[in-house]
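Chain by chain, the residues:
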Amino acid sequence: MVHIRKAKPTDAEVAVPLIMDAIGNIAEQMTGETNPVAVEHEMITLFKRQDNRHSFLNTWIAETGKDIVGVMVFYTGAQALQLDANLVEWLEEKNGLPVDIPPEAHVDEYYIDTVCVDPRFRGQGIGSLLLNHAEVVACEEESAKLALNVEIEKEAAIRLYKRLGYQIAEPWVIYGGQFHHMSKRI
């Protein structure tokens, strides 16, 4: 039985590798690091903080018993403005260089930043459960629109999202990568 709950700071060591698996090289942009060990360390730091998009406060955990089997990072496009401003401030203070974080959502959307299921548990519907949970949360918050970005070459993911009612709304570019911005009215 899969249970979905809000993340806790103590989930960092298991949740962060899943988040990094989903966002790939974007983790380097989020941390200002290129060494994989340093990237993971800084992502754990960000996860344990309360003021950025990859905080535990914006993360949902799918678990079976005591095993974390999936994660979803989820927030509003309006919240993203402040979350990213906080991240920019942290990165600029840390590295002494100007930073630009491209927006990933419109302000009127609930944005699913990241969904990742542990490879050992894929194909069991856990990703769909997390996405359905996003709908429940968005409805509770009276949001009428969910959105996510998916790399244009990830055809299996695009099929899943379409099967769940998402439509390709527009092209989107994140750090030079080409994405489909997909949305769903709920």
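Chains are numbered independently. Their residues run from 1 in the order of the written sequence. For a predicted model such as this one, the threshold for reporting local features is a pLDDT of at least 70, and the threshold for listing and counting side-chain atom pairs is 80 or more; totals across whole chains, interfaces and linings nevertheless cover every residue. Side-chain measures here rest on the full set of heavy atoms in the structure, leaving out hydrogens and waters.

**Overview of the overall build of the chain**
Just so we agree on the cut-off: Starting at the N terminus, helices and strands are each numbered in turn, a helix being any DSSP run of H or I of at least four residues and a strand any DSSP run of E of at least two. Radius of gyration here uses only the C-alpha atoms, and the compact-globule reference equals 2.2 Å multiplied by the residue count raised to the power 0.38. For every residue, the accessible area obtained with a 1.4 Å probe (protein chains only) is divided by the maximum for its type, and the residue is called buried under 20%, exposed over 50%, and partly exposed between those limits. Contacts between residues were defined by any pair of non-hydrogen atoms, one from each residue, lying within 4.5 Å. Here, Shrake-Rupley sampling with a 1.4 Å probe gives the accessible areas, and only protein chains in the shown set may cover a residue. Charge convention: Lys and Arg are scored as positive, Asp and Glu as negative, and His as well as the terminal groups of each chain are ignored. A single reference atom marks each charge: NZ on Lys, CZ on Arg, CG on Asp, CD on Glu.
Within the chain, the secondary structure is distributed over 6 helices and 7 strands. The globule rule puts the C-alpha radius of gyration for 186 residues at 16 Å, and the 16 Å found for the chain is close to it. In terms of principal-axis extent, the alpha carbons of the chain reach across some 45 × 40 × 30 Å. Looking at the 186 residues of the chain, the share that counts as buried comes to 48%. Pairs at least 24 apart in sequence give 67% of the contacts found in the chain among residues at least 6 apart. Accessible area for the chain stands at about 9400 Å²; split by element, carbon and sulfur atoms hold 53% of it. Positive and negative charge centroids in the chain, built from 17 and 28 side chains respectively, lie 7 Å apart.

**Remarks on the nonpolar core**
Spelled out, the test is: Buried Ala, Val, Leu, Ile, Met, Phe, Trp, Tyr and Cys residues that are joined via side-chain atoms within 4.5 Å together make up what is termed a nonpolar core.
Core analysis: the largest hydrophobic core is formed by 35 residues, its most contacted members being Val 16, Ile 19, Met 43, Phe 47, Val 71 and Leu 87. When contributions to this core are tallied by element, the ones reaching two or more residues are α1 (12–23), α2 (26–31), α3 (36–48), β3 (67–76), α4 (77–95), β4 (110–117) and β6 (167–174). Considering each element in turn, this core owes the most residues, 7 residues, to α1. Setting aside residues up to four positions removed in sequence, Met 43 forms contacts with Val 16, Ile 19, Met 20, Ile 23, Ala 27, Met 30, Thr 31 and His 54. Residues Val 117, Leu 148, Tyr 161 and Met 182 belong to the second largest nonpolar core, which totals 23 residues.

**Details of the pattern of salt bridges**
Selection rule: Any carboxyl oxygen of Asp or Glu within 4 Å of a side-chain nitrogen of Lys or Arg constitutes a salt bridge here.
As enumerated under the stated definition, the model contains 14 salt bridges in all. Note that Asp 118 and Arg 120 form a salt bridge whose closest N and O atoms lie 2.8 Å from each other. With relative accessibility at 11%, the residue Asp 118 sits in the buried group. Using a relative accessible area of 63% as the deciding quantity, one classes Arg 120 as exposed. For Glu 135, the salt bridge goes to Lys 184, with nearest N and O atoms at 2.4 Å. Linking Glu 135 in helix α5 (residues 126–140) with Lys 184 in strand β7 (residues 177–185), this pair joins segments that are 49 residues apart in sequence. Given the relative accessible area of 18%, Glu 135 is considered buried. Judged by relative accessible area, which is 13%, Lys 184 ranks as buried. One network of salt bridges, with partners in common, ties together Arg 53, Asp 84, Glu 104 and Asp 113.

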